Structure formats: structure tokens, C-alpha cells
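# Structure at a glance
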Amino acid sequence: MSVYALWTSYRQGVLRTRCQENGKFPSLRSGFIFADNAGGSKRIFDYLLNTNAQVCADYFVSAESGRRIAMGPVAAAELFNAASLDEIAFGSSTTMNLENLARSLEKDILDKEEIIVTVNMKVSNVGPWKRLAARKGLILKHWRPRITDPSNPYSLALNVEDLLPLVSSKTRIVAFTACSNILGSIVPVKAVVAAARSRATELGVRKIEFCVDCVAYAPHRRMDVQHWDVFGPHISALYARTASLRSSLTALTHHFYRFDDVGSKLQPGGSGYELVYGAAGVPTYLRSLTPAGTLEATFEASAAHEYTLSERFLSFLRGYAPRVLVVGDAFVVKGIRNQDIIGIRYGHFYAYTLVNELDPKIDVDDGVARVSLVHYNTMEEVDRIIDALRVVLDDVKPPLSP
């Protein structure tokens, strides 16, 4: 089995205070509420100022530059819980990494084999597989989310029972997300992989591998690839299991390089050096947020804190049903356009197919409104958002029909 993966009972205010110590996220002091979170790093400035040189030379600045860049894979391996640094590759974005992955896999996929994708995720983990299927004449199947609350047609989540009938003797790739960036629902990756692999084995599949998009998962929960674009610079890290690097993936590098067993075979060009070095600071920052100083403690504290924030906000929204429908961690207000009244992020968030297939239909470009909260947000900020939205929602007249 191979898996490809892409990358808070704590007293209120402690995580926020720790984030502001030593200049971390100084913008948090501005009074502006950052509720459209995705990911600044002083390390980037330091690299560009002091060690911005070509690598692989023997003069001091070049050697120091190489040493700093080598810290990036170490950090990524820790965040993934990868078994080896050789299983890590960097790219400018998740979209680029997954396009490279699909291209690298192409020679190891046979005609008429099948790829399963989901519709509840960003197109970055769908588009490359659709293009690969078109190039190779493969069959593309869709694992669709199901309604979880009959009173809300937008309450959607993936269920492994809907995946298993799609697995056949020809299944080659299963691509899904660990957490939808709109629905907010967490997929039990380990259980999904185990169930799909068991069914595939029963059916005599030649080889099955899994591509898991963790972009919306990594900032909130601990990744563990050994059992199943984060808070840092805009860069993407890709994990690929050693066995797949050897037997499934073709090198995309220059012909004179020999990268058969390492993730570098998935990097057709050099990644941004300052960004790779910037990523090296992520584990250190995360460990600094809790007294225990471990990633496990930080993610546990973050999950508890974020749950408390989300429940306060979602409970407020549910009080306006059926005028307001909750779509996972986002929402839709019937009869009005997001761009007209809500000063927060809205749209399809690159999960175009998911939003386009919502029923009842909504304008896919106006999409859904989303308040995205993380460990450095506070309950006071949530209450300020609620107060602002209450003024708007109390003034909205309910539509005559759904």
C-alpha cells in the first residue's frame, strides 16, 4: 500500500498570547480579525538578506545556503511523520506538486485502469487525475458526499460505504481530501485506505495507491503518513512512500541526475530556497505554543480551542435556519448575495464542483461565505463577528420559497 499526502482544554487566550511572543504574527496586534486563515515567516527575510546564493559550491555563503535549505525536508518529514527525508519533495503549490505526481506516475498506469476522485475538494487533487485519465484513456469515477442531516440539504460528508462499490479490479488511484476546505468534515484517512485496500485485494487489483490532499487538514490536526499550500510560507510539501518512489514514479529531473529512491525525482526544477528554509521554522513555532513543547500537545490543544470557537459561531448561524443554511464550516444566506452584505471571504474556494453541485442550486461564483478560524483566533473575535453578522441577518427578509 502506498499513500501520497500533501501538507488546540487550553485556557482561552493562552495560544493567542504565545503566538504574539517574540514577534510571532505581529499583525495579530492590529485589531483586525484574521478569519480567512491559510497561512509569513521571518526566516524568509533572514535567508534572502544573509544567504541568498547558489547552492552546491564550496564558498561559505553557498555552503550555509545549502545547510539551511536542507532543514526544510527535515521539518516536513517531522510534520508528515515520514520515515525518511528521502520521501519529501517541495513545490511552489499543491497544484504543481500533484501535477508532477500524476506525470511521474503515468508510465506505471496501464490502459483502461481506473482513478477515483472526490467532488468535495479543491481542484488541485482532481484536475491532474482528470488530465491523466484523458491522456491514457482511463476511467474516472467520482466518490460523492452524502447528506448527513435531512433538514439541511447542504450538510454533506464523505462516507467510506459510498467508496467501496466504486473499487474494482481495475482501480489504480484513489484521490481524496483529509478535510474539505468548505465542508470542514474530517475524513478518517487510515480507515478509508484500509477499507479500500481490502476491497481491492479481494478483487485482485494489480496495484492501488492513494493520494491524500491535506492542505485544509495540516493546520488543524496532526498528520501521520506512516499510519495512513501549513502556518508558514506559500510552499507545498509532498510525501511519497519509498516503495512508490522506487516502483511507481518516474523521475521528472534532468537526465544526468540519479534520484531513483528520493523525493527529489518529483522536483523538475529547484524550489524556492528561501521558502524551503522558511518551512523549517514551522515545527519550532508549533512546539512553542504549549508547555509540553511537542507537536502532539499543540495539535491537541489547537483542536480543542478551535472546536470551542467553531461551535459558538455555528450555533449562532443555526439559530437563523432555515434562512441561513450551514455548509460544513461555511454558510449560505437565502435570497442575498455574499458580496453585497458580508465583509468576509466568499466564493467556491477552488472546490468548484462541490459548490456547483449543491442542491438547491446557488450561484457558484458567489458561492458560500466562510469564516476560517485557527489557534490564534479568540472567543472575543468570534463574538465580534457574530455581532456584525447579527445586524445584517436581522435585516434580511426571508425569501418566499427555498
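Computed from a predicted structure; not experimentally measured.

### Structural notes on the overall build of the protein chain
Along the backbone of the protein chain there are 14 helices and 13 strands. Taken as a whole, the protein chain presents about 18000 Å² of accessible surface, with 54% of it coming from carbon and sulfur.

### Things to note about the environment of V327
Tracing the backbone through its elements, the reader meets V327 in strand β10 (residues 324-327). A relative accessible area of 1% means that V327 is categorised as buried. Between the C-alpha atoms of V327 and L358, which are 31 residues apart in sequence, the distance is 9.5 Å. Aside from chain neighbours lying at most four places away, what touches V327 is Y154, I182, L183, V332 and V368.

### Some remarks on the pattern of salt bridges
Under the definition given, this model contains 20 salt bridges. Among the salt bridges present, the one from R390 reaches D387, with a minimum N-O distance of 3.2 Å. With R390 and D387 both in helix α14 (residues 379-394) and three residues apart, this pair spans about one turn of that helix. Taking the relative accessible area as the measure of exposure, R390 reaches 35% and is therefore partly exposed. Each of the salt bridges in this network shares a partner with another, and the network as a whole consists of D46, E64, R67 and R68.

### A closer look at the sheet that holds strand β13 (residues 368-370)
Overall, antiparallel pairing links the four strands, which are arranged β10-β11-β13-β12 in an open sheet. The open sheet has two free edges, formed respectively by β10 and β12 (346-347), since each of these has just one partner strand. For β12 and β13, the ladder comprises two bridges, and the chain directions are antiparallel. Note that in β13 the partner of G347 across the bridge is V368.

### So, the packing of helix α11 (residues 295-318) against α14
With their axes 10 Å apart at the nearest point, α11 and α14 run at an angle of 10° to one another. If you check the angle between α11 and α14, you find them roughly parallel. The crossing of α11 and α14 is right-handed. Residues T308, L309, R312, F313 and F316 of α11 form the contact with α14, whose own contacting residues are M379, V382, D383, I385, I386, L389, R390 and L393. Per-class residue counts for the contact of α11 with α14 are nine nonpolar, one polar and three charged.

### Notes on the nonpolar core
A general tendency of soluble globular proteins is for nonpolar side chains to be buried together. If you look at the biggest cluster of nonpolar residues, it comprises 50 residues, and the most contacted ones within it are F80, I88, F90, W143, F176, M223 and L286. Not counting residues within four places of it along the chain, the set of residues in contact with F176 comprises T118, M121, N125, W143, V187, V189, V192, V193, F210, C211, V212 and D213. L101, V117, M121 and L132 belong to the second largest nonpolar core, which has 22 residues in total.

### Some details on the side chain of R241
For R241, the position within the fold is in the loop between β9 (236-240) and α8 (242-247). Separated by 3.1 Å, the side chain of R241 and the backbone oxygen of V225 make a polar contact.

### Considerations on the pairing of strand β8 (residues 209-213)
With five of five residues buried, β8 is to be regarded as a mostly interior element. In this fold, the crossover linking strand β7 (residues 171-177) to β8 by way of helix α7 (residues 189-203) has right-handed handedness.

### Overview of the confidence of the model for the protein chain
On average, residues of the protein chain carry a pLDDT of 83, and 85% of them reach 70 or more. Confidence, expressed as mean pLDDT per element, reaches its minimum in the protein chain at strand β1 (residues 2-6) with 50 and its maximum at helix α6 (residues 160-163) with 97.

### Concerning the packing of helix α4 (residues 94-105) against helix α5 (residues 127-136)
Where α4 meets α5, the axes come as close as 9 Å, and the angle between the chain directions of the two elements is 25°. If you check the angle between α4 and α5, you find them roughly parallel. Pair α4 / α5 crosses with right-handed handedness. On the side of α4, the interface is formed by L98, E99, L101, A102, R103 and L105, while α5 contributes P128, W129, R131, L132 and R135.

### Notes on a nonpolar patch on the surface
A cluster of nonpolar side chains, contributed by Y59, F60 and V61, occupies part of the molecular surface with about 320 Å² of accessible area. In this fold, F60 is placed in helix α3 (residues 60-80).

### Points about the packing of aromatic side chains
Two aromatic rings, taken as a pair, are described by how far apart their centres are and by the angle between their planes. The tally for this structure, following the rule as stated, stands at six aromatic pairs. Measuring from centroid to centroid gives 6.1 Å for Y47 and Y277, while their planes differ by 45°, and the two rings are tilted. In this pair, the class of Y47 matches that of Y277, namely buried. Relative to Y239, the ring of F80 lies with its centre 6.1 Å away and its plane at 45°, an arrangement referred to as tilted.

Thresholds applied
Residues numbered from 1 in each chain as written. Predicted model: local features only at pLDDT ≥ 70, side-chain atom pairs only at ≥ 80, totals over all residues. Heavy atoms only, no water. Helix = DSSP H or I, 4+ residues; strand = E, 2+ residues; numbered from the N terminus. Areas by Shrake-Rupley, 256 points an atom, 1.4 Å probe, with all protein chains shown as cover. Buried < 20%, exposed > 50% of the residue type's maximum accessible area, 1.4 Å probe, protein only. Contact = heavy atoms within 4.5 Å. Salt bridge = Lys/Arg side-chain N within 4 Å of Asp/Glu carboxyl O. Pairing = 2+ DSSP bridges. Axes fitted to C-alpha atoms, helices over the stretch in contact; angles between N-to-C directions. Parallel < 35°, antiparallel > 145°, perpendicular 65-115°, else oblique. Left-handed = near helix turned anticlockwise from the far one by under 90°. Nonpolar A, V, L, I, M, F, W, Y, C, P; charged D, E, K, R; others polar. Core = buried A, V, L, I, M, F, W, Y, C linked by side-chain atoms within 4.5 Å. Polar contact = N/O pair within 3.5 Å; in protein donor to acceptor, adjacent residues only side chain to side chain. Right-handed = clockwise from strand over helix to strand, strands pointing away. pLDDT = per-residue confidence, 0-100. Patch = residues over 30% accessible without salt bridge, like charges linked within 9 Å, V, L, I, M, F, W, Y side chains within 5 Å. Phe/Tyr/Trp six-rings, centres within 6.5 Å; stacked < 30°, edge-to-face > 60°.

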